[in-house]
Amino acid sequence: MTSNHGQFSKDGREYIINTPNTPRPWINYLTNGDYCALCSHVGGGFSFFRDHRFNGVLKRGLQQSQDDLAGRFVYVKDEETGEVWTANVHPVGKFDTFEARHGIGYTLIKSSYNGISADLRYFVSPGIDAELWTIRLDNRSGKLRRLSVYSLAEFSLGNVSLYEGDVNFHGLFNEVKANEHGFVAGHMLWFPEYGWSEDSRPWAHSVFLTTTQKPDRITTDRIAFFGPFRSLANPKGIEGEYLPKGGGGCTELAGACQWRIQLAPGKSWSVNEAIGMFHASSSQEPQQVVAKLQSAATYEDAWKAHNEHWTRLMDPVEVETPDPAINIMMNVWNKWQLFVNFYFGRAPSYFHKGQYPAMRDCCQDAFGVIPLSPELAKVNLRRVGTFFFRDGQAAGGCNRIGLKEGPSVKVDLPLWFVLAVTDYLRETGDTDFLDESLPLIDGGASTVYEKMITGIERMVRQRGPHGLPLMGKGDWNDAANAVGVKGRGESVWLAQFLCYVIGEIAPLMRRKNDHARLASYEERAGELRKIINAQCWDGEWFVRAFRDDGRPLGVKGEKEGYIWINSQTWAVIAGIADPERLNTCLDSVEKHMGTPYGLTNLAPAYTKYDSTIGLITGFRAGWKENGAVFSHASSFNVVARAVMGRGRDAVDLFRRILPSNKADNYLVEPYIYSQFCAGPDAGAAHGQGAYHWLTGTAAWMFRAMTDYIIGVRPELQGLRIRPVVDPSWKSFTMKRLFSGSTYRFTFENPDGVETGVRQIYLDDQLVDGTLLPLPTHKQHQVRVVMG
Ligand code: GLC
């Protein structure tokens, strides 16, 4: 759990980074769910309000994942010597000591240089749509110091893609009104849709920068701050006595403040700064917001509110297993990552850029959050539910500003909605949600239940040449986008997933007395099971798909991609075959795709582009879906191992996927899951992580542990208990909220078994069977004896 660059704090609630020179910027998200700032361990990063494409605030660097050259930086200049450094250490790079701490929604940086120590605190608090900075300097040099302190941020307001495409033109539309504490800026060019449109209008929101101490000088002109041929490491503007006033008119927008201070030995100085958003729908008057943020007390109140907010949201589930690395991840970082995914989906990270999360992603993100906050999950599911068409197709990305795209070419999306909604209903029993009516994109409205049914029905009706659902331009494997492009290719995984989803919705359909329809779905699922077993079994694993020309994908005898992971994993999760076959599937996955860091998505990687498979074969061998160790697919497989009662294997794989157990060449953050690390076919890069933070892995690792390893899974009638653990786990505990009650579980495993339950005591009463009834009190104690 300790890397060359940092370690978790004792309580796991912070990750402490002890060098500014990490192999990649290691970032955090600072957010209240609306305003979102990405913040690296040295303060790099960008920010936006709800939507990273349409409501940009701080600008993003071109190669942010590598060089981190955009962000929120604090420069210090010694007025005696003229020497300049940054309290963040980078971008100037001079320092004597450094430590950064990423916590839940905040980042602290502590550094010192030349006898001046600096403390920076960045966070975003509930109720204030702004990033709040606190800058504090201490004079430890033993002599009087005359210093200038400068804060710097660069802006890209509104439609970020316009800015990135044409900085000069975009800049023409900035409107900046400076005041004594900072400025307010608007942007007069904004489109309510993608790309250029004649329907331009002023951006409905505006941003502000304000400070608790009047700066001696404020510059909003980025070019004046930097000067030609200069960079963040040596800006020209801070060489003079005062920052240049600028006056470049329509030039690019920066917010640079200067405070000239004298610091006696042993004395400290501090200032707070806020960069934030007046949004059109806010009930607060801009002047009030800004006036409040000119008082230091606001920042301390906000800090308290921030910490209370996240503690409350993260509290409902806690585990204590014999493995401290699992505990830290489950109790702190995995939960934090769940919320980040939940609010901001797949697009704004240092790696991800433009796209919005597909319905599949949003639904899995909601699935992850359900045990922690079913109320929040419901808000998202309701929003996602507005992205359907009448015929059951789902739109492209589910963004937060109501933009609606045409039907997505990815065929599996609606089924994920069923997965998440059924899970939400098991958690809450809120069956009224099924009858809630939500608008359809192509006019009219339908209930949540109808949306699920039309989504399933589309799939149930489809029959390709083998009788399987069509793969179209891609399923979970987005990048396998040519397998069924001509309308004949079929997805074996999708057939398995459909069977699973039918099993998930069946109890609800019975409750709704929708028996005839359910019977037809179950008949179709039975038929699919037969086809999969009869026509898709390759001796030791299942075929992944059939291409448009009828040739199978993922079979022995192919040189590359002869085995794909998901059609093995989901065969198990959906219970497609007899246990012997399913165990053989799991063994084959480990044998052909096992690595010390998890499982690859397929093996071996493709080395040549194959137009009958698509984009996936064009990725470099061993990278991304093309043979990388794909965390999301690996996390499904943890579930599959547990489903088969293979506790040792499930825990072993869980541990391998943990970022804190990766090798030193992992490079990216060791405290959150990444989408993948390079696979064995990537040669020396094997193990190198990429595409951090925004991955369905967060949801599935969390649920794999709570529902399948510790094994407490909600059903409509109560909680099903089925622990599947490593035999060395002699005792473990979990706290879990369910239907408004807090359950405290203790598990005893005296004989060291992998699975099996001998007795369950609910509040000291022996329970018959393994299903705990719905709660009767606010608190319940459960003792489970395995054996
Ligand atoms: C990414 C996408 C997800 C997709 C997966 C595999 O994680 O966000 O939607 O299923 O890659 O292609």
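Parameters at a glance
Residues numbered from 1 in each chain as written. Predicted model: local features only at pLDDT ≥ 70, side-chain atom pairs only at ≥ 80, totals over all residues. Heavy atoms only, no water. Helix = DSSP H or I, 4+ residues; strand = E, 2+ residues; numbered from the N terminus. Rg over C-alpha atoms; globule rule 2.2 N^0.38 Å. Buried < 20%, exposed > 50% of the residue type's maximum accessible area, 1.4 Å probe, protein only. Pairing = 2+ DSSP bridges. Axes fitted to C-alpha atoms, helices over the stretch in contact; angles between N-to-C directions. Parallel < 35°, antiparallel > 145°, perpendicular 65-115°, else oblique. Left-handed = near helix turned anticlockwise from the far one by under 90°. Contact = heavy atoms within 4.5 Å. Nonpolar A, V, L, I, M, F, W, Y, C, P; charged D, E, K, R; others polar. Expected span 1.5 Å × (residues − 1). Near = heavy atom within 4 Å. Polar contact = N/O pair within 3.5 Å; in protein donor to acceptor, adjacent residues only side chain to side chain. Areas by Shrake-Rupley, 256 points an atom, 1.4 Å probe, with all protein chains shown as cover. Disulfide = S-S within 2.5 Å. pLDDT = per-residue confidence, 0-100.

**Q** Is there a simple way to explain the overall build of the protein in this structure?
**A** Helix and strand content of the protein: 18 helices and 40 strands. Here the protein has a C-alpha radius of gyration of 27 Å; the compact-globule value for 787 residues is 28 Å, and the two agree. Considering only C-alpha atoms, the protein reaches an extent of 80 × 60 × 50 Å along its principal axes. When burial is assessed residue by residue, the protein has 63% of its 787 residues classed as buried.

**Q** How do you make sense of the sheet that holds strand 24 (residues 545-546) when you look at a structure like this?
**A** Adjacent strands of a sheet form backbone hydrogen bonds with each other and so pair up, either parallel or antiparallel. With respect to topology, three strands assemble into an open sheet ordered 23-24-25, the strand pairing being antiparallel. The sheet terminates laterally at strand 23 (490-491) and strand 25 (552-553), the two strands that pair on one side only. As defined by bridge partners, strand 23 adjoins strand 24 across two bridges and the pair is classed as antiparallel. Looking at strand 24, one finds that Glu490 is bridged to Phe546.

**Q** Any chance you could explain unusual backbone geometry here in plain terms?
**A** The residue after His90, namely Pro91, is reached through a cis peptide bond having omega 10°. Mapped onto the secondary structure, Pro91 falls in the loop between strand 8 (84-86) and strand 9 (97-103). Phi at Asn114 is positive, roughly 50°, even though this residue is not glycine. Checked against the element boundaries, Asn114 lands in the loop between strand 10 (106-113) and strand 11 (116-124). Residue Asn114 is classed as partly exposed on the basis of its relative accessible area, which comes to 32%. If you check the backbone angles, Tyr691 has positive phi at about 55° while not being a glycine. Along the chain, Tyr691 falls in strand 32 (residues 689-692). Residue Tyr691 is classed as partly exposed on the basis of its relative accessible area of 26%.

**Q** Help me out: how do you make sense of the pairing of strand 36 (residues 741-748) in this one?
**A** Where strand 35 (residues 731-738) and strand 36 come together, eight bridges link them in antiparallel fashion. Along strand 36, the bridge assignment pairs Ser731 with Glu748. Counting the residues in the hairpin turn of strand 35 and strand 36 gives two residues, including Ser739, whose phi is positive at 50°.

**Q** Sorry if this is basic, but what is going on with the packing of helix 17 (residues 647-657) against helix 18 (residues 697-709) here?
**A** Interhelical geometry of helix 17 versus helix 18 gives an angle of 150° and a closest axis separation of 12 Å. The orientation of helix 17 relative to helix 18 falls into the category roughly antiparallel. By crossing handedness, the relation of helix 17 to helix 18 is classed as left-handed. Contact residues: helix 17 offers Ala650, Val651, Phe654 and Ile657, while helix 18 offers Thr697, Met701, Met705 and Ile709. Residue composition of the contact of helix 17 with helix 18, by class: seven nonpolar, one polar and no charged.

**Q** What's the story with helix 12 (residues 492-511) in this structure? I'm lost.
**A** Side chains of residues three or four places apart in an α-helix project in the same direction, reflecting 3.6 residues per turn. Spanning 20 residues, helix 12 covers 30 Å between terminal C-alpha atoms, matching the ideal 28 Å at 1.5 Å per step. A large share of helix 12 lies buried, amounting to 16 of its 20 residues.

**Q** What is the right way to read the sheet that holds strand 31 (residues 674-677) from this model?
**A** The strand order across the open sheet built from three strands is 30-31-32, with neighbouring strands paired in antiparallel fashion. Looking along the sheet, the strands with just one partner apiece sit at the ends: strand 30 (629-630) and strand 32. Judged from the three bridges that link them, strand 31 and strand 32 form a sheet pairing that is antiparallel. Bridge pairing in strand 32 places Phe676 opposite Ala690.

**Q** Explain the environment of Trp303 to me, please; I cannot follow it from the model alone.
**A** Looking at the secondary structure, you find Trp303 in helix 6 (residues 296-314). A C-alpha to C-alpha distance of 7.7 Å links Trp303 and Phe123, two positions 180 residues apart in sequence. Discounting chain neighbours no more than four positions away, the residues touching Trp303 are Tyr106, Leu108, Arg121 and Phe123.

**Q** How do you make sense of the site of the ligand when you look at a structure like this?
**A** In the region of the ligand, the neighbouring residues are Arg346, Arg360, Asp361, Trp476, Asn477, Asp478, Glu625, Phe630 and Gln675. Between the ligand and Asp478, the relevant distance is 3.4 Å, taken from an oxygen atom to a main-chain nitrogen or oxygen of the residue. Relative to its free-state accessible area of 310 Å², the ligand is covered by the protein chains to the extent of 94%. For the shell around the ligand, a count of residues per class yields two nonpolar, two polar and five charged.

**Q** Which parts of the structure should I look at to understand the packing of helix 16 (residues 631-643) against helix 18?
**A** For any two helices packed against each other, one specifies the crossing angle of their axes together with the interaxial distance. Between helix 16 and helix 18, whose axes approach to 8 Å, the crossing angle comes to 10°. Between helix 16 and helix 18, the angle falls in the class roughly parallel. Every residue of helix 18 that contacts helix 16 at Ser631, His632, Ser635, Phe636, Val638, Val639, Ala642 and Val643 is listed here: Thr697, Trp700, Met701, Ala704, Tyr708 and Ile709. The residue inventory of the contact of helix 16 with helix 18, partitioned by class, reads ten nonpolar, four polar and no charged.

**Q** Hey, could you run me through the state of the cysteines in this one?
**A** A covalent bond bridging the sulfur atoms of two cysteines is what the word disulfide describes. Counting across every chain of the model gives zero disulfides. Just so you know, Cys36 is unpaired, no disulfide at all, and the nearest cysteine sulfur is the one on Cys39, 11 Å from it. The cysteine Cys499 is free of any disulfide, with Cys536 supplying the nearest cysteine sulfur at 11 Å. By relative accessible area, which is 4% here, Cys499 ends up buried.

**Q** Would you explain the confidence of the model for the protein in this entry?
**A** A low pLDDT score tells you not to read the predicted coordinates there in detail. Averaged over every residue, the pLDDT of the protein is 96; the share at 70 or more is 99%. Within the protein, helix 2 (residues 160-165) has the poorest average pLDDT of any element, 85, and helix 16 the best, 99.

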